Amino acid sequence: TMLPRLLSTTTKRLSHRCQSFPGGVVGVVRVFSRSSSSSSSESGKGFEYPPLTFEEMQAANEEANREFEELFGSPMQEGMGSGAVASSASSSASSSAAPVTVNAEHAAAHVEANREFEELLGSPMQQSSSPSASIVNNNNDNSNPAEHKQQQHQQQAQHTQSLPTMGKNVVEFMLMVNKLKHLKRTGWVHHNVNEPETVGAHSFGVALLCLLTGKNAQGDDGVTIDRERCVKMALVHDLAESLVGDITPHDGVSADDKHAMEQGAMQVLRGRLGSSAVAAEIMELWHEYEACETNEAKLVKDMDRADMLITAAHYEGDAAATANAKPLDQFFESTPASKFRTPIGRAVAEQVHNKHHGTKT
């Protein structure tokens, strides 16, 4: 019973690797199905295949042994390995005409693989890329190794043709958000800072601060913060500005209008990635940041403000940047440490304020 369980839990992982076996995906499915013939017979009608040769079963079993050891850190126990092949081979010899049925569990795994393929690449599997289609097609060409090898190459080529769908979506998305690398932050422009930072540079600073401060950080409630989520949130928190620009509180746009504009921009950006899981994740992270209710969102907001303070302190020490600039005191006065919502955020803010006051004195 262990081999069918291993197959059902690793179907998607094996689906590409096992193309090198005699019989491809079906080779593995047929070996494991035969090892649980009693359960297969109870699962109802399904796909049927001709019997496996001993060489096919041995090759599939060796790969199963390797996958098992890779997954669980130890080789299969005796009776789960080559013995299974031997017993399966003898049963195959005695009942070579008996069809092998893929049970409902295997069929469900094929359906799930098809769904995830379409979600990732933006288009359904082509017939030769689908595990279930491969099962049907492999029935008639396993007898000729040369033809089988040629079919594998054809399947791989057709599968590769589907990859540009997701690649095109990523490129179109990046061409839009690439503007952030060149979009100067409005606050520094209004204060006549020479060669001010861009929104993209600011997002990098926020993400780096989250990486530096998020490890073992806690919220005011004492709950540990998810640093990885903070870094991802920092990367996406200003994506909307690639379409609507960097709107500041001094630009005469209400907070509600600003949120509505940026939400519309995020929907446009999401459209470039289609219905993929990463598109949904980006939207979820952005909404979480905007709501600023979770500890992760609070930390990212704190680091957003901290990056602004650190940049202002940097400009104060750069004569070339501030040669014709207005005083930058406004940035420090509007962002006291008490405005930060996490312990580590307040600690960073206090350090920057101390540096600013030390420079002034």
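Quick note: structure is the one above.
What you are looking at is a predicted structure, and each value in this text was computed from that prediction instead of being measured. (Residues numbered from 1 in each chain as written. Predicted model: local features only at pLDDT ≥ 70, side-chain atom pairs only at ≥ 80, totals over all residues. Heavy atoms only, no water.)

Further remarks concern the pattern of salt bridges. Under the criterion given, the structure shown has seven salt bridges. Between Glu197 and Arg185 there is a salt bridge whose closest N-O contact spans 3.4 Å. Residue Glu197 is located in the loop between helix 9 (186–190) and helix 10 (199–213), and its partner Arg185 is located in the loop between helix 8 (145–177) and helix 9; the two are separated by twelve residues in the primary sequence. Side by side, Glu197 and Arg185 carry an identical accessibility label, which is buried. A network of salt bridges, in which partner residues are shared, links Arg229, Glu284 and Glu288. (Salt bridge = Lys/Arg side-chain N within 4 Å of Asp/Glu carboxyl O. Helix = DSSP H or I, 4+ residues; strand = E, 2+ residues; numbered from the N terminus. Buried < 20%, exposed > 50% of the residue type's maximum accessible area, 1.4 Å probe, protein only.)

In total, this model carries two aromatic pairs according to the counting rule given. Consider the rings of Trp188 and Tyr315, whose centres lie 5.1 Å apart with planes at 80°: the pair is edge-to-face. Separated by 127 residues along the polypeptide, Trp188 in helix 9 and Tyr315 in helix 15 (residues 295–316) bring together distant segments of the chain. Residue Tyr315 is classed as buried on the basis of its relative accessible area of 5%. Centre to centre, the rings of Trp188 and Phe331 are 4.4 Å apart; their planes meet at 35°, and the pair counts as tilted. Residue Trp188 is located in helix 9, and its partner Phe331 is located in helix 16 (residues 329–333); the two are separated by 143 residues in the primary sequence. (Phe/Tyr/Trp six-rings, centres within 6.5 Å; stacked < 30°, edge-to-face > 60°.)

Looking now at the environment of Lys258. Its place among the elements puts Lys258 in helix 13 (residues 255–273). Measuring from C-alpha to C-alpha, the distance between Lys258 and Val244 comes to 8.9 Å, with 14 residues separating the pair along the chain. Contact partners of Lys258, with chain neighbours within four places excluded, come to Ile247 and Val253. (Contact = heavy atoms within 4.5 Å.)

Bringing the environment of Asn178 into the picture now. Mapped onto the fold, Asn178 is located in the loop between helix 8 and helix 9. Classification of Asn178 as partly exposed rests on a relative accessible area of 28%. Note: C-alpha distance between Asn178 and Leu239 (61 residues apart in sequence) is 9.5 Å.

The terminal C-alpha atoms of helix 10, which comprises 15 residues, lie 21 Å apart, in line with the 21 Å expected from a rise of 1.5 Å per residue. When we look at burial in helix 10, the residues that qualify are Val199, His202, Ser203, Gly205, Val206, Ala207, Leu209, Cys210 and Thr213. (Expected span 1.5 Å × (residues − 1).)

So, about a nonpolar patch on the surface. Together, Phe204, Leu208, Leu211 and Leu212 line one region of the surface with nonpolar side chains, adding up to about 410 Å² of accessible area. Within the secondary structure, Leu211 is located in helix 10. Classification of Leu211 as partly exposed rests on a relative accessible area of 40%. (Patch = residues over 30% accessible without salt bridge, like charges linked within 9 Å, V, L, I, M, F, W, Y side chains within 5 Å. Areas by Shrake-Rupley, 256 points an atom, 1.4 Å probe, with all protein chains shown as cover.)

What follows covers the state of the cysteines. The full count for this structure, using the stated rule, is zero disulfides. Among the cysteines around Cys210, which has no disulfide bond, Cys230 carries the closest sulfur, lying 5.2 Å off. (Disulfide = S-S within 2.5 Å.)

Attention shifts here to helix 11 (residues 227–236). The set of residues buried in helix 11 consists of Arg229, Cys230, Met233, Ala234 and Val236. For helix 11, the angular spread of the buried residues around the axis is 170°, confining them to a single face. At the N-terminal end of helix 11, a side-chain oxygen is found 3.2 Å from the backbone nitrogen of Glu228, two or three residues along, and the residue is Asp226. (Arc of directions from axis to C-beta. Polar contact = N/O pair within 3.5 Å; in protein donor to acceptor, adjacent residues only side chain to side chain.)

A separate point is the packing of helix 11 against helix 15. The geometry of helix 11 relative to helix 15 is characterised by a closest axis approach of 9 Å and an angle of 55° between their N-to-C directions. The orientation of helix 11 with respect to helix 15, classified from their angle, is oblique. Along this stretch, helix 11 crosses helix 15, giving a crossing that reads as right-handed. Residue-level inspection shows Arg229, Cys230, Met233 and Ala234 of helix 11 in contact with helix 15, the latter providing Glu296, Ala297, Leu299 and Val300. Residues that form the contact of helix 11 with helix 15 fall into these classes: six nonpolar, no polar and two charged. (Axes fitted to C-alpha atoms, helices over the stretch in contact; angles between N-to-C directions. Parallel < 35°, antiparallel > 145°, perpendicular 65-115°, else oblique. Left-handed = near helix turned anticlockwise from the far one by under 90°. Nonpolar A, V, L, I, M, F, W, Y, C, P; charged D, E, K, R; others polar.)

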